[in-house]
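Next come the chains, spelled out residue by residue.
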Amino acid sequence: MSQVDILPEPSRRIGWGLAALVVAGNMIGSGVYLLPATLAPTGSSSLIGWIVCGVGAVTLALVFGGLGRMQPEADGLSDFARRGLGRFLGYQTGLAYWAACLTGNVAVAVAGTGYLAFFFPALKEPMWGALSNLALIWLTTAAYAAGSKTAARFGAITLVLGLIPIGLAIVAGAIAFSGDTFAASWSPAGEPLMKTVPASLAVIFWAFLGVESAAALSSQVKNPATDVGRASLGGVLLAFVVYVAASVAVFGVIPADILAHSTSPYADLVARVMGASVAGLVAACAVIKATGTIAGWTMMGGETARASAEAGWLPRWFGGAQKGKTPLSNPLINGAIMSAMVIASAQPTLGQQFGVLIGVTSVLTLCLYALCSVTLWKLTKKPGWRLLAVGGAVFSAFAVAAAAGGYIWPSVGFFAVTSLAWLWVRKRQGRFQTA
């Protein structure tokens, strides 16, 4: 069956407004639930970081909108990079995106455990927290092993419930907002903003990961030539407004020194304003959404590995024996890798562990966004698109350069290892020429 055969009729395709809601829904995931605690050392001045990242996310969303418009038949980020920059960088993009999916998934599991700790305080301890993370990962790995549709449906069911905590937190923050509390938390350590804000960008940009999903809407919207760009912009702006409102609400009610030790910031905020019973609802919804998000990221990581195996970039354990078929060994290996990450990234507090994981994931993904921006430059000669490509590449490079060294070096090590592995891949494929 060709691609044309499976496309919906134009009258049944979605408009740009609904597409924008889909983009925003993909971005507003459960990981944002623990971000206020991770950003507590930066304080309420992290609002500046949110604005910078929001501008960068809008630029990148338009970059992916351009790629989707110019290459609607491309199969994901690795295929965009392969078409514009050659096989080697396509290979690097595919493997890096797979690694980012797995690392980000562990971070979401940590966020879910943080809200479970609202009900079971023992989970704040490293050992019990790690066991909870492992349980969440293997529960959703089992869902993916049962089939992609099972994992996808599970993630879809939890989407609406996951937005309740943020909405209630914004309302609670509006009711109890204190300008004095917000001002006192501006820079908790008294350090200059030129030092604290840039270093927070990689952490903040975690909330915007998923901007690339806009390009995937090109075959589903009524008028791809215009609607993909509109959906990209609208979705990112909607997510940006939600993020900024939630961040201001939390820092306007909870002092930064208290927030730093929270495992459930939005639940704690709602508890202060609306009572413990409502806070319990917030925590429960956050846990449910976290589980659904883990299921989605597990599926995304597994399918990325399958596609890479079919391209000859990963062993057949991940796929390739039959095109489009994912062997049981795929989710089992990915589950084992994520379990190792849980143990290796263990920190004294869940907030610190979450910060390390999302920092590494963001840096790795920003490197891929930079490659995709360069790809857009290569695929067009129009000044407007090339200006967007430069903007996306500059923002991505700046955010990576400003990140803490502890977030950068794991990505450097990953690309070094995969570059050496490329020699094996070329030999395995029987192609020794350069890409």
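Structural notes, computed from the coordinates. This is a predicted model, so every value here is computed, not measured. (Residues numbered from 1 in each chain as written. Predicted model: local features only at pLDDT ≥ 70, side-chain atom pairs only at ≥ 80, totals over all residues. Heavy atoms only, no water.)

Bringing the overall build of the protein chain into the picture now. When you go through the protein chain residue by residue, the secondary structure sums to 19 helices and 0 strands. Here the protein chain, with 435 residues, has 53% of them falling under the buried criterion. Across the protein chain, every contact between residues at least 6 apart in sequence was considered, and the portion connecting residues at least 24 apart equals 81%. Counting every atom, the protein chain has about 17,900 Å² of accessible surface; 68% of that belongs to carbon and sulfur. (Helix = DSSP H or I, 4+ residues; strand = E, 2+ residues; numbered from the N terminus. Buried < 20%, exposed > 50% of the residue type's maximum accessible area, 1.4 Å probe, protein only. Contact = heavy atoms within 4.5 Å. Areas by Shrake-Rupley, 256 points an atom, 1.4 Å probe, with all protein chains shown as cover.)

Going through the model one piece at a time under the given rule, you end up with 2 cavities of 30 Å³ or more. If you add up the space inside the second largest cavity, you get close to 50 Å³. Taken together, Val32, Leu35, Pro36, Leu39, Trp50, Tyr243, Ala246, Ser247 and Tyr266 make up the lining of the second largest cavity. Of all elements in the fold, only helix H3 (35-38) and helix H12 (224-251) reach the threshold of two or more residues within the lining of the second largest cavity. Ranked by residue count, the leading element in the lining of the second largest cavity is H12, at 3 residues. Here the lining of the second largest cavity is composed, by residue class, of 8 nonpolar, 1 polar and no charged. (1 Å grid on protein atoms, 1.4 Å probe; cavity = no way out; pocket = protein on both sides within 12 Å on 5 of 7 lines; lining within 4 Å. Points joined across faces, edges and corners; volume = space filled by probe spheres on them. Nonpolar A, V, L, I, M, F, W, Y, C, P; charged D, E, K, R; others polar.)

Let us now look at the packing of helix H6 (residues 87-116) against helix H7 (residues 126-145). Two elements in contact, H6 and H7, have axes whose closest approach is 9 Å; the angle formed by their N-to-C orientations is 120°. Taken as axis vectors, H6 and H7 run oblique relative to one another. Judged by the sense of rotation from one axis to the other, the crossing of H6 with H7 is right-handed. Facing H6, whose interface residues are Val106, Ala109, Val110, Gly112, Thr113 and Leu116, H7 presents Gly129, Ser132, Asn133, Leu136 and Ile137. (Axes fitted to C-alpha atoms, helices over the stretch in contact; angles between N-to-C directions. Parallel < 35°, antiparallel > 145°, perpendicular 65-115°, else oblique. Left-handed = near helix turned anticlockwise from the far one by under 90°.)

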